[in-house]
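Notes for the structure review
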Amino acid sequence: MSINPDLQGRSYPAAEVYDVGREKIREFAKAVKASNPAHFDVEAAKALGHSDLVAPPTFAIIVAQRADAQLVQDPESGIDFSRVVHADQRFTHHRPIVAGDRLVAELHVDGVRAMGGGAMITTRSEISTEAGEKVATTTSSILVRGEGQ
């Protein structure tokens, strides 16, 4: 099955809420070797003016990937995940992610471009709190390799 060119312009609504917890922030910070004390110590985060632990900037990928999964799992997309190569990822933060946030992400397919037997798909996840406060925007590009590539 080939990539559905009609994906461009499609949006996937925010799905389940992601509860940002202290231990998730600490685990992620350790995994990405982020060493700022505000990722591990509540008092250090509060000293910087935050209400709780602050997530490393790339923590937003966790929420964005949940939104991306809706596209990949959409039977109309034509995406075979075994053929996906991650090409690009960008983050724009509107405010820091902190422990206690309840986040949702709405996914937008901004571009679908045929490339040989495959396609480059560009998506944008608008991450916000459950109450609607904008937190981050992530932009991602994936290359879906065609058959025989």
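Residues numbered from 1 in each chain as written. Predicted model: local features only at pLDDT ≥ 70, side-chain atom pairs only at ≥ 80, totals over all residues. Heavy atoms only, no water.

1. Quick look at the overall build of the chain
What the chain contains, in helices and strands, is three helices and six strands. Reading the secondary structure of the chain in the N-to-C direction produces β-β-α-α-α-β-β-β-β. Projected onto its principal axes, the C-alpha coordinates of the chain cover approximately 55 × 30 × 20 Å. Relative to its full complement of 149 residues, the chain shows a buried share of 42%. Across the chain, contacts joining residues at least 24 apart in sequence account for 68% of those joining residues at least 6 apart. Approximately 8,000 Å² of the chain is accessible, and the part contributed by carbon and sulfur atoms is 52%. Separation of charge centres in the chain, based on 16 positive and 20 negative side chains, amounts to 5 Å. (Helix = DSSP H or I, 4+ residues; strand = E, 2+ residues; numbered from the N terminus. Buried < 20%, exposed > 50% of the residue type's maximum accessible area, 1.4 Å probe, protein only. Contact = heavy atoms within 4.5 Å. Areas by Shrake-Rupley, 256 points an atom, 1.4 Å probe, with all protein chains shown as cover. Lys, Arg positive; Asp, Glu negative; His and termini not counted. Charge placed at Lys NZ, Arg CZ, Asp CG, Glu CD.)

2. Details of the nonpolar core
Judged by nonpolar contacts, the single largest core of 32 residues is most densely connected at Ile3, Leu7, Phe59, Leu71, Ile97, Ile121 and Ile127. At the level of elements, helix H1 (22-31), helix H3 (60-73), strand S4 (102-115), strand S5 (118-129) and strand S6 (134-144) are the ones that each hand at least two residues to this core. Among the elements that make up this core, the one with the highest residue count is H3 (six residues). Aside from chain neighbours lying at most four places away, what touches Phe59 is Tyr18, Val20, Lys24, Ile25, Phe28 and Ile97. (Core = buried A, V, L, I, M, F, W, Y, C linked by side-chain atoms within 4.5 Å.)

3. Section: H1
What sets the pattern is the α-helix's 3.6 residues per turn: residues three or four places apart point alike. Listed in full, the buried residues belonging to H1 are Ile25, Phe28 and Ala29. End-on view of H1: buried residues confined to an arc of 100 degrees, all on one side of the axis. Across from the buried face of H1, at angles greater than 90 degrees, the exposed residues are Lys30 and Ala31. Looking at the buried side of H1, the elements it contacts are H3. Directly beyond the C-terminal end of H1, a positive phi value near 60 degrees is found at Lys33. (Arc of directions from axis to C-beta.)

4. Some details on H3
Given a rise of 1.5 Å per residue, 14 residues ought to cover 20 Å, and the 20 Å separating the end C-alpha atoms of H3 matches this to within 8%. Of the residues making up H3, those classed as buried are Ala60, Ile61, Val63, Ala64, Ala67, Asp68 and Leu71. (Expected span 1.5 Å × (residues − 1).)

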